[in-house]
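Spelled out, the chains give:
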Amino acid sequence: MDLSLTERELAFRSRLRDWLAEALPSMPAEPDRDDWPARRAYDADWQRSLFDAGYAGVDWPAEYGGLGASPTEQLIFLEETALAGAPPVGVNFVGLLHAGPTLIVEGSEEQRAEHLPRILRGDEVWCQGFSEPDAGSDLAALRTTAVRDGDHYVVNGRKLWTSYATVADYCELLVRTDPDAPRHKGISWLILPMDTPGVQVRPLRTVVGSDEFSELVLDDVRIPVGNRVGAENDGWRVAMVTFSFERGTAFIRDVIESRTLLAEIVAIAEAGGLWQDTALRRDVGRLVAETSGLWSLIRMNVSEAAAGLVPTRGASVFKLRFTESRQRIADLAAHVLGRASIAMSDVAGSRIVTDRVNTLSFTIAAGTSQIQKNILAERVLGLPKEPRWTSR
């Protein structure tokens, strides 16, 4: 394991900082949260700026339009853009971090040629159709069916928590193509054009008032067989490829934001006369140390990836510890804010309050804490699988 930066990596950091310092001041104001056409245009403009500057798809292979950067350079890119306050990936999240990398590994040449350049330029937005009302953490329980009819699949079912479906052009869709096969064996991964007849998008309003999630209703939707990624009934393996990208660097920006949140908590405590509380200072110190440890774990995982290893253990440990740590930071913020912690209005600390509500989902999204513990117990410690309970 090597956590030091090479001269090439240091030079990459310097060039990126210089470009960000020049590019960010010309960015327009961020659009309103509920104005989805404007948000898509804003995110697309930023992605095009990255593309024109050579920073789109930093970790994508050069032959597919990326920079071909090392895992460490990808980490540097994510760190520097977050520290500079650059726009997050936004509506391009699924395309850039899930669908695009999956197509690079598993897609046909035709699929890569059609979608990868448009994803990198910000011209094509994707959403994810994996979870269902009765298949979230237990994704293999999905029931959306795809019946072969000539050169098409006829798809029926429902998907839930479909991020950015209201502005997406395509959906990475998991369907059951063989209902008689074992749970993990009869699933296929399809590319769904969102303008296909029979696709209905129903936005879902979250507790903080946002509506980036939707329910997706599929009624006799015809998807060409040529839109299948990988072999028929091999979709579970392809989905695991997708998940490996999701859990690799999904929370790096959030760890950096944890540092900022802790600094804000300290400032609020000092202004309110609470900083003399030794228990509060102890709690802040522990969380600062844990955040620092998590950043070191990220760097260790990146170092393993650079050496050609798959950091399964580190990825699950990180996901488990980070999400629970972020919730403890949010609880500490609520303690410091006092009565103000129940108001999501335009007052001091309101951003922290909104963040606290959002963190409630962290131990669920991208694999629940229980799932991560099972992965560590079974795949790392070699413990027997937990018995499956069935209702009588």
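Located above this text is the structure these notes cover.
The rules behind each value
- Residues numbered from 1 in each chain as written.
- Predicted model: local features only at pLDDT ≥ 70, side-chain atom pairs only at ≥ 80, totals over all residues.
- Heavy atoms only, no water.
- Helix = DSSP H or I, 4+ residues; strand = E, 2+ residues; numbered from the N terminus.
- Buried < 20%, exposed > 50% of the residue type's maximum accessible area, 1.4 Å probe, protein only.
- Contact = heavy atoms within 4.5 Å.
- Axes fitted to C-alpha atoms, helices over the stretch in contact; angles between N-to-C directions.
- Parallel < 35°, antiparallel > 145°, perpendicular 65-115°, else oblique.
- Left-handed = near helix turned anticlockwise from the far one by under 90°.
- Nonpolar A, V, L, I, M, F, W, Y, C, P; charged D, E, K, R; others polar.
- Core = buried A, V, L, I, M, F, W, Y, C linked by side-chain atoms within 4.5 Å.
- Patch = residues over 30% accessible without salt bridge, like charges linked within 9 Å, V, L, I, M, F, W, Y side chains within 5 Å.
- Areas by Shrake-Rupley, 256 points an atom, 1.4 Å probe, with all protein chains shown as cover.
- Salt bridge = Lys/Arg side-chain N within 4 Å of Asp/Glu carboxyl O.
- Phe/Tyr/Trp six-rings, centres within 6.5 Å; stacked < 30°, edge-to-face > 60°.
- Lys NZ or Arg CZ within 6 Å of the ring centre and 35° of its normal.
- Pairing = 2+ DSSP bridges.
- Expected span 1.5 Å × (residues − 1).
- Arc of directions from axis to C-beta.
- Disulfide = S-S within 2.5 Å.

**Q** Got a minute to help me understand the overall build of the chain in this structure?
**A** Regarding its fold elements, the chain presents 11 helices and eight strands. Counting the 392 residues in the chain, one finds 47% classified as buried. If you take every contact in the chain between residues at least 6 apart in sequence, the share linking residues at least 24 apart comes to 72%.

**Q** Could you clarify how one ought to interpret the packing of helix α4 (residues 93-106) against helix α5 (residues 109-121) in this entry?
**A** Relative placement of two packed helices is described by the angle separating their axes and the distance separating the axes. Contact pair α4 / α5: the axes reach a minimum separation of 10 Å and the direction vectors enclose 155 degrees. Between α4 and α5, the angle falls in the class roughly antiparallel. Considering only the axes of α4 and α5, their crossing is left-handed. For the pair formed by α4 and α5, the contact residues are Gly-95, Leu-96, Gly-100, Leu-103, Ile-104 and Val-105 on the first element and Gln-111, Arg-112, His-115, Leu-116, Ile-119 and Leu-120 on the second. Each residue belonging to the contact of α4 with α5 can be placed in one class, and the counts come to seven nonpolar, four polar and one charged.

**Q** Just checking my understanding: could you explain the nonpolar core for this structure?
**A** Nonpolar side chains in soluble globular proteins tend to end up buried together. Judged by nonpolar contacts, the single largest core of 42 residues is most densely connected at Trp-19, Trp-46, Trp-126, Leu-174 and Trp-189. Where this core is concerned, the elements lending two or more residues are α1 (7-23), α2 (36-53), α3 (71-83), α4, α5, β4 (170-176), β5 (187-193) and α6 (235-249). One finds Val-91, Cys-127, Val-175 and Leu-190 within the second-largest nonpolar core, a separate group that totals 23 residues.

**Q** For this particular structure, what's the right way to read a nonpolar patch on the surface?
**A** A contiguous nonpolar patch, built from Val-380, Leu-381 and Leu-383 and spanning about 280 Å² of accessible area, is present on the exposed surface. Residue position: Leu-383 is located in the segment after α11 (369-380). With a relative accessible area of 46%, Leu-383 lands in the partly exposed category.

**Q** For this particular structure, what's the right way to read the environment of Ile-298?
**A** Considering the arrangement of structural elements, one finds Ile-298 in helix α8 (residues 278-306). Separated by 17 residues in the primary sequence, Ile-298 and Ala-315 have C-alpha atoms spaced 8.2 Å apart. When near neighbours in sequence (up to four residues on either side) are disregarded, Ile-298 contacts Leu-75, Ile-252, Val-255 and Phe-318.

**Q** I'm lost on the packing of aromatic side chains in this one. Help?
**A** The description of an aromatic ring pair rests on the distance of the ring centres and on the angle between the ring planes. Throughout the structure, instances matching the rule amount to eight aromatic pairs. Consider the rings of Trp-36 and Tyr-164, whose centres lie 5.8 Å apart with planes at 65 degrees: the pair is edge-to-face. Of this pair, Trp-36 sits in helix α2 while Tyr-164 sits in the loop between β3 (152-159) and β4, placing them 128 residues apart in sequence. By relative accessible area, Trp-36 is classed as buried at 7%. For Tyr-164, a relative accessible area of 14% puts it in the buried group. Here the aromatic rings of Phe-318 and Phe-322 are separated by 5.7 Å at their centres, their planes lie at 5 degrees, and the arrangement is stacked. Of the two residues, Phe-318 and Phe-322 both sit in helix α9 (residues 312-337), four residues apart, roughly one turn of that helix. Its relative accessible area of 7% is what places Phe-318 among the buried residues. An aromatic cluster is defined as three or more aromatic residues linked by ring pairs; in this entry it consists of Phe-12, Trp-19, Trp-46, Tyr-55 and Phe-77. The ring of Tyr-153 has Arg-148 lying over it, and the distance from NZ or CZ to the ring centre is 5.8 Å.

**Q** Any chance you could explain the pairing of β3 here in plain terms?
**A** The two faces of the sheet receive side chains in turn, since in a regular strand these alternate between them. For strand β2 (residues 145-149) and β3, the ladder comprises five bridges, and the chain directions are antiparallel. Bridge pairing in β3 places Ala-146 opposite Val-155. Following β2, the chain reverses through two residues before pairing antiparallel with β3; Gly-150 in that reversal takes a positive phi of roughly 65 degrees. Here seven bridges tie β3 to strand β7 (residues 213-224), and the two strands are oriented antiparallel to one another. Within the sheet, the bridge partner assigned to Val-154 lies in β7 and is Arg-222.

**Q** I keep staring at α1 and nothing clicks. Help me out?
**A** Taking 1.5 Å of rise per residue, the 17 residues of α1 would be expected to cover 24 Å, and the 24 Å separating its terminal C-alpha atoms lies within 8% of that figure. Considered for burial, the residues of α1 that qualify are Glu-9, Phe-12, Arg-13, Leu-16, Trp-19, Leu-20 and Ala-23. The arc that holds every buried residue of α1, seen down its axis, measures 135 degrees, which confines them to one face. In α1, the exposed residues that point more than 90 degrees away from the buried face are Glu-7, Asp-18, Ala-21 and Glu-22.

**Q** Just to check I follow, could you spell out the pattern of salt bridges for this structure?
**A** For side chains bearing opposite charge, pairing can occur when the charged atoms are close. Summed over all chains, the structure comprises 26 salt bridges. In this structure, the salt-bridge partner of Arg-40 is Asp-169, at a minimum N-O distance of 2.9 Å. Taken as a pair, Arg-40 in helix α2 and Asp-169 in the loop between β3 and β4 lie far apart in primary sequence, 129 residues in all. The partly exposed category is assigned to Asp-169, whose relative accessible area is 25%. Of the charged contacts in the structure, one is a salt bridge between Arg-143 and Asp-134, with a shortest N-O distance of 4.0 Å. Overlapping salt bridges bring together Arg-13, Arg-17, Glu-79 and Glu-80 as one network.

**Q** Which parts of the structure should I look at to understand the state of the cysteines?
**A** Think of a disulfide as a covalent bridge from one cysteine sulfur atom to another cysteine sulfur atom. Overall, the coordinates contain zero disulfides when judged by the stated rule. Here Cys-127 is not disulfide-linked; the sulfur of Cys-171 is the nearest cysteine sulfur, at 3.8 Å. For Cys-127, a relative accessible area of 0% puts it in the buried group. Exposure remark for Cys-171: the relative accessible area of 0% places this residue in the buried category.

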